[in-house]
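Take a look at the letters that make up each chain.
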Amino acid sequence: MENYKHTETFTVDFADCDRKYDLKPATLMAWAFELAGSHLASRNITREQMWEDGQVFLLTKTCISFDRVPVYHDKVMFTTWEGGTKGSQFIRRYSVTDENGNPFCDSESMWVLVNPHTHKLYRPSEYIYGQLTLDEETEAKVEKIKIEGEEFVKQYTFVYSDLDPNGHVNNGTYLRLLSDILPEDLRERHYKKLNINFARECMEGDTISLYMKREGDTIYFCGRLAEGKNNIEIIADFAACRR
């Protein structure tokens, strides 16, 4: 029987937490990435095989909607499934609960299929393994991001420790950069929603300019390359008060 859904259990360890013992969103994203790989591996589709076949997935957009943020010692039941396609993008969705099925958050993400050797972009119809699609929605929906009126904060040059095994800047690095420049009062609050657009890849030595704007409980954040194009865009909504 085909494995339409894949679930694994994670435990929030001390090193996974921020100062207020919340699970860091970068860690949550890392778990989601590993879970997607494990789901494919359960169908005998390994990263090594995909690399050899010249077809790999790159994350382009994600939205995470929180009911509550997991905290230190929580056991997290993480489930993923394939949600079909939209244009050239592949949809993958996630549900995150505690051991009793009470929701922590859910997520919708968009991926493109590329050749890691030539950087050619494939159409979904060219995916050689085929999808096992479930028509099951999540509350989180990837949305178009528009950021205007942001103000310059600082520049950042990517270093070796920011890279992933592909030699590109790890997606979680951008959430770390955001957390480092958040206003102090928002650092003490819980995330309510994250909407992220990974527009362009960066490598070691690349420098971006960080911009931010605040409107109430919402932060608009982007990283801008020297030529004036954004490589990362994030809208972060925070819960109205510290729970």
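Residues numbered from 1 in each chain as written. Predicted model: local features only at pLDDT ≥ 70, side-chain atom pairs only at ≥ 80, totals over all residues. Heavy atoms only, no water.

## Digging into the environment of Ser179
Tracing the backbone through its elements, the reader meets Ser179 in helix α3 (residues 171–181). Taking relative accessible area as the criterion, Ser179 reaches 29% and is therefore assigned partly exposed. On a C-alpha basis, the gap between Ser179 and Pro25 in space is 9.7 Å, while along the polypeptide they are 154 residues apart. Side-chain polar atoms of Ser179 contact the backbone oxygen of Arg176, separated by 2.8 Å. (Helix = DSSP H or I, 4+ residues; strand = E, 2+ residues; numbered from the N terminus. Buried < 20%, exposed > 50% of the residue type's maximum accessible area, 1.4 Å probe, protein only. Polar contact = N/O pair within 3.5 Å; in protein donor to acceptor, adjacent residues only side chain to side chain.)

## Regarding the nonpolar core
The biggest cluster of nonpolar side chains holds 57 residues, and the ones touching the most others in it are Phe78, Tyr174, Ile219, Phe221 and Ile234. Sorting elements by how many residues they give to this core places helix α1 (residues 25–41) first, with seven residues. Look past the residues within four positions of Phe78 in its chain and what remains in contact with it is His6, Thr7, Glu8, Phe10, Leu28, Trp31, Ala32, Leu35, Tyr94, Ser95 and Val96. Judged by nonpolar contacts, the second largest core, of six residues, contains Ile145, Tyr211, Tyr220 and Cys222. (Core = buried A, V, L, I, M, F, W, Y, C linked by side-chain atoms within 4.5 Å. Contact = heavy atoms within 4.5 Å.)

## Here we look at the pattern of salt bridges
Think of it this way: side chains of opposite charge can pair up when their charged atoms draw near. Counting across every chain of the model gives 23 salt bridges. Here Asp185 and Arg214 are joined by a salt bridge, their closest N and O atoms 2.8 Å apart. On the criterion of sequence distance, the pair formed by Asp185 in helix α4 (residues 184–187) and Arg214 in strand β9 (residues 207–215) is long-range, its members being 29 residues apart. It is possible to trace a salt-bridge network through shared partners that takes in Arg19, Glu184, Arg187 and Glu188. (Salt bridge = Lys/Arg side-chain N within 4 Å of Asp/Glu carboxyl O.)

## Observations regarding the packing of α1 against α3
The geometry of α1 relative to α3 is characterised by a closest axis approach of 8 Å and an angle of 170° between their N-to-C directions. If you check the angle between α1 and α3, you find them roughly antiparallel. The two elements α1 and α3 cross, and the hand of that crossing is right-handed. When α1 is examined against α3, the residues Pro25, Ala26 and Met29 are found in contact with a partner set consisting of Asn171, Gly172 and Leu175. Its residues assigned to classes, the contact of α1 with α3 shows four nonpolar, two polar and no charged. (Axes fitted to C-alpha atoms, helices over the stretch in contact; angles between N-to-C directions. Parallel < 35°, antiparallel > 145°, perpendicular 65-115°, else oblique. Left-handed = near helix turned anticlockwise from the far one by under 90°. Nonpolar A, V, L, I, M, F, W, Y, C, P; charged D, E, K, R; others polar.)

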